[in-house]
Amino acid sequence: MNILLVCAAGASTGLLVKKMKSHLDTTDRSDWIVEAHPVGEVKELEGDFDVILLGPQIGYRKDAVMKMTTKPVDIINAIDYGMGKAENVINHAIKMNV
């Protein structure tokens, strides 16, 4: 599965991406792709990803992002985001991709 994390500039999700990749490396999902990019790049990147997760700070842009793609889009839980709970975010992405 390929997971796109989106925030205002693509930087604030970087720590969460690192934690998600570290968690995936300990599982049979080490070949999954997780990347963070600015919201302005969604349209050009969405074809490479299975789900799109928005950082809570840009959750208000969910409707606009949904208009850019046919992929599942949701907002990362603020507590999971803030505390870097990578496994919870991955599990949410899995549920979105069903």
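This text gives an overview of the structure that appears in the document. (Residues numbered from 1 in each chain as written. Predicted model: local features only at pLDDT ≥ 70, side-chain atom pairs only at ≥ 80, totals over all residues. Heavy atoms only, no water.)

1. Details of the sheet that holds strand β4 (residues 73-75)
An order of β2-β1-β3-β4 is seen for the four strands of this open sheet, with the pairing classed as parallel. What marks the edges here is a single partner per strand, and that holds for β2 (33-38) and β4. Neighbour to neighbour, the strand axes of the sheet diverge by 25 degrees on average, direction disregarded. Where strand β1 (residues 2-7) meets β2, six bridges bridge the pair, whose relative direction is parallel. Pairing of Ile-3 across the sheet is with Val-34, part of β2. Its contacts with the sheet put helix α1 (residues 14-25) on β1 and β2, and the angle it makes with β2 is roughly 175 degrees. Packing of helix α5 (residues 86-96) onto the sheet brings it into contact with β1, β3 (51-54) and β4, and relative to β3 it is tilted by some 135 degrees. (Pairing = 2+ DSSP bridges. Helix = DSSP H or I, 4+ residues; strand = E, 2+ residues; numbered from the N terminus. Axes fitted to C-alpha atoms, helices over the stretch in contact; angles between N-to-C directions. Contact = heavy atoms within 4.5 Å.)

2. A short note on the packing of α1 against α5
Relative orientation of the contacting elements α1 and α5 amounts to 80 degrees, with a least axis distance of 8 Å. One element, α1, and the other, α5, form an angle in the roughly perpendicular class. Here Leu-16, Lys-19, Met-20, His-23 and Leu-24 of α1 lie close against α5, whose contacting residues are Ala-86, Glu-87, Val-89 and Ile-90. Broken down by class, the residue content of the contact of α1 with α5 amounts to six nonpolar, one polar and two charged. (Parallel < 35°, antiparallel > 145°, perpendicular 65-115°, else oblique. Nonpolar A, V, L, I, M, F, W, Y, C, P; charged D, E, K, R; others polar.)

3. Details of α1
Given a rise of 1.5 Å per residue, 12 residues ought to cover 16 Å, and the 17 Å separating the end C-alpha atoms of α1 matches this to within 8%. The complete set of buried residues in α1 reads Leu-16, Val-17, Met-20 and Leu-24. Seen from one end, α1 has its buried residues packed into an arc of 100 degrees, which puts them on one side. Residues of α1 that are exposed and point over 90 degrees away from its buried face: Leu-15, Lys-18 and Asp-25. On the buried face of α1, the contacting elements are β1, β2, α4 (78-83) and α5. (Expected span 1.5 Å × (residues − 1). Buried < 20%, exposed > 50% of the residue type's maximum accessible area, 1.4 Å probe, protein only. Arc of directions from axis to C-beta.)

4. Points about α5
Those residues of α5 lying buried are Ala-86, Val-89, Ile-90, Ala-93 and Met-96. Buried residues along α5 cover an arc of 120 degrees about the axis, so they all sit on one side. Of the surrounding elements, those touching the buried residues of α5 are β1, α1, β3, β4 and α4.

5. Quick look at the nonpolar core
By size, the foremost hydrophobic cluster in this structure holds 19 residues, and its most contacted members are Ile-3, Leu-5, Leu-16, Met-20, Val-34, Leu-53 and Ile-76. Only β1, α1, β2, β3 and α5 provide two or more residues apiece to this core. Among the elements that make up this core, the one with the highest residue count is α5 (five residues). Setting aside anything within four residues of it in sequence, one finds Leu-16 in contact with Leu-5, Ile-76, Tyr-81, Gly-84, Lys-85, Ala-86 and Val-89. (Core = buried A, V, L, I, M, F, W, Y, C linked by side-chain atoms within 4.5 Å.)

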